[in-house]
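# Examination of the molecular architecture
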Amino acid sequence: MALSITRRKVVVVGAGAVGATYCYALAQSGLADEIALIDKNDKLAQGQVLDLVHGQPFIPSVNIHLGHPSDYSDAQLIVITAGAAQHPGETRLQLLQKNAAVVSGIVDEILEQNSYAVILIVTNPVDVMTYVALKRSGWNKGRVIGSGTVLDSARLRHLIGDHCGIDVHNVHGYVLGEHGDSQFAAWSMSNVAGIRIDEYCPMCGRCANWPEELNRIEQEVRHSAYHIIDYKGSTYFAVGLALVRITAAILRGQNSVLTVSTMLDGEFGLRDVCLSAPCIVSSNGVERIVEHRLPENEQQALFSSATFLKQALALYGTNETGPQ
Ligand code: NAD
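Calculation notes
Residues numbered from 1 in each chain as written. Predicted model: local features only at pLDDT ≥ 70, side-chain atom pairs only at ≥ 80, totals over all residues. Heavy atoms only, no water. Helix = DSSP H or I, 4+ residues; strand = E, 2+ residues; numbered from the N terminus. Expected span 1.5 Å × (residues − 1). Contact = heavy atoms within 4.5 Å. Near = heavy atom within 4 Å. Polar contact = N/O pair within 3.5 Å; in protein donor to acceptor, adjacent residues only side chain to side chain. Areas by Shrake-Rupley, 256 points an atom, 1.4 Å probe, with all protein chains shown as cover. Nonpolar A, V, L, I, M, F, W, Y, C, P; charged D, E, K, R; others polar. Domains from an automatic or database assignment. Buried < 20%, exposed > 50% of the residue type's maximum accessible area, 1.4 Å probe, protein only. Pairing = 2+ DSSP bridges. Axes fitted to C-alpha atoms, helices over the stretch in contact; angles between N-to-C directions. Buried area = accessible area lost by both parts, 1.4 Å probe. Phe/Tyr/Trp six-rings, centres within 6.5 Å; stacked < 30°, edge-to-face > 60°. Lys NZ or Arg CZ within 6 Å of the ring centre and 35° of its normal. Right-handed = clockwise from strand over helix to strand, strands pointing away. Salt bridge = Lys/Arg side-chain N within 4 Å of Asp/Glu carboxyl O.

### With respect to helix H2 (residues 42-53)
For H2, with 12 residues, the first-to-last C-alpha span of 16 Å sits near the 16 Å given by 1.5 Å per residue. Buried residues belonging to H2 abut helix H1 (17-29), strand S2 (34-38) and strand S3 (63-66).

### Examining the site of the ligand
Taken together, 21 residues are adjacent to the ligand, and Ala17, Val18, Asp39, Thr81 and Asn124 come closest. Within the backbone of glycine 83, an N or O atom sits 3.3 Å from an oxygen atom of the ligand. At 2.9 Å, a side-chain N or O of asparagine 124 approaches an oxygen atom of the ligand. Isolated, the ligand exposes 870 Å² of accessible area, and the fraction of that covered by the protein chains is 81%. Within the shell around the ligand, the residues separate by chemical class into 10 nonpolar, nine polar and two charged. Domain assignment of the residues forming the shell around the ligand places at least three in each of domain 1 (9-146) and domain 2 (150-316).

### So, unusual backbone geometry
The linkage connecting asparagine 124 with the following residue, proline 125, adopts the cis geometry, with an omega of -5 degrees. Within the element layout of this structure, proline 125 appears in the loop between strand S5 (118-121) and helix H4 (126-137). You will see that asparagine 114, though not glycine, has its phi angle at about 50 degrees, which is positive. On the accessibility criterion, asparagine 114 (68% relative accessible area) is exposed. At alanine 193, a position not held by glycine, the phi torsion is positive, near 50 degrees. Here alanine 193 lies in the loop between strand S10 (191-192) and strand S11 (195-196).

### Describing the sheet that holds strand S15 (residues 279-282)
The sheet built from three strands is open, its strands ordered S12-S15-S16 with antiparallel pairing. With partners counted over all chains shown, the strands left at the sheet margins are strand S12 (256-258) and strand S16 (285-289), one partner each. Strand-to-strand twist of the sheet, defined as the mean angle between neighbouring strand axes without regard to direction, takes the value 40 degrees. By the bridge criterion, three bridges tie S12 to S15 in an arrangement that is antiparallel. Within S15, the residue paired with leucine 258 across the bridge is cysteine 279. Here helix H8 (residues 237-251) sits on the sheet and contacts S12 and S15; the angle it forms with S12, its principal contact strand, is near 145 degrees.

### Some remarks on the domain arrangement of the chain
For the chain, the domain assignment lists domain 1 (9-146) and domain 2 (150-316). Domain 1 and domain 2 are separated by 23 Å when their C-alpha centres are compared. Across the boundary between the two partners, domain 1 contributes 36 residues, which contact 40 residues of domain 2. Summed over both sides, the interface between domain 1 and domain 2 buries roughly 3000 Å², with carbon and sulfur atoms accounting for 73% of that surface.

### Section: the packing of aromatic side chains
According to the stated counting rule, one finds one aromatic pair in the structure shown. Geometrically, the ring pair formed by tyrosine 236 and phenylalanine 237 is edge-to-face, given 5.0 Å between the ring centres and 65 degrees between the ring planes. The partly exposed category is assigned to tyrosine 236, whose relative accessible area is 22%. Above the ring of tryptophan 139, the side-chain terminus of arginine 143 is found at 3.6 Å from the ring centroid.

### What to know about the pairing of S3
The two faces of a sheet get side chains in turn, since along a regular strand they alternate between them. Direction of pairing for S2 relative to S3: parallel, over a ladder of four bridges. Looking at S3, one finds that leucine 37 is bridged to leucine 66. For the crossover from S2 across H2 to S3, the handedness is right-handed.

### What about the pattern of salt bridges?
For the structure on display, the rule yields 13 salt bridges. We note a salt bridge from arginine 7 to glutamate 34, for which the minimum N-O separation is 3.5 Å. Of this pair, arginine 7 sits in the segment before strand S1 (9-13) while glutamate 34 is found in strand S2, placing the two residues 27 residues apart along the sequence. Glutamate 34 gets classed as buried once you look at its relative accessible area, which sits at 11%.

Given below as structure tokens:
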């Protein structure tokens, strides 16, 4: 029987801080056979590629090269990190419009190449950009997804583990909704060593007022990016690793449950909005949303997040986002 060998090829669009850090982590992971890096600033992309390939003797075998739109045609995964950062005096809406134009332009180039890849959006505001890219592509909703709150969920797990003095790998925690201010920690789904957080905390006795402590942790997750941006201008290490985790699920068909941003179609009573929910992620992107009954307060928080995102889309004008 003939063996079917598929090269695991990833195209990364945007060679800035996030794109380059992701490439660096991905190259070391051994997950990809080929990584193509594209940026409208050709010199930047070329410099990042040279810097990365010089590390090849120290990492698993991988072909890293400067990309071209033709690379979309045989990629398994296309990761879009291209976009502008918010400038002083610029509104979120102005940034949204600028980045929507960037993302739409890249999706158009992907469509021209008859690509069968999964598209993973990272560019912020990521939930709105995922919606824009999905509508523009006209593809099946599972194939165009956003990195969503995978990073925020990691931050939550780190903070719970740190606070409880427990290995982060024994902590499960999920942040749902917008990758932004309206996100929330789904405590009903969070556990330490399989024990629900509201059972574990009173038992642990590490803090005097555990509900207050959980509230503080949730706020800290929500404000993490602001703190890091204040300190050093932008965030890229943890998001780079979060992207590698999503990449593993897709390239290896792992059926991993990850809080990526996905189009809801009736799940949780919501539709026509992209936001983070627990999703089964595999070779085709989002295979299925793990829909379950959230407690009333968390369901309300999800509704509020969806309302906020729909307002952002309405301001942007979704009529501009259809396939052309
Ligand atoms: P950056 O400015 O360092 O890099 C962006 C790159 O995109 C630049 O090199 C620029 O030349 C390139 N670019 C712009 N338009 C392009 C186009 N049309 N085609 C190809 N390349 C293009 O920014 P960064 O720090 O790498 O952040 C990238 C994006 O990721 C931002 O939108 C940021 O907000 C977002 N981000 C998302 C998360 C998340 O969890 N979703 C986390 C961190 C950052």
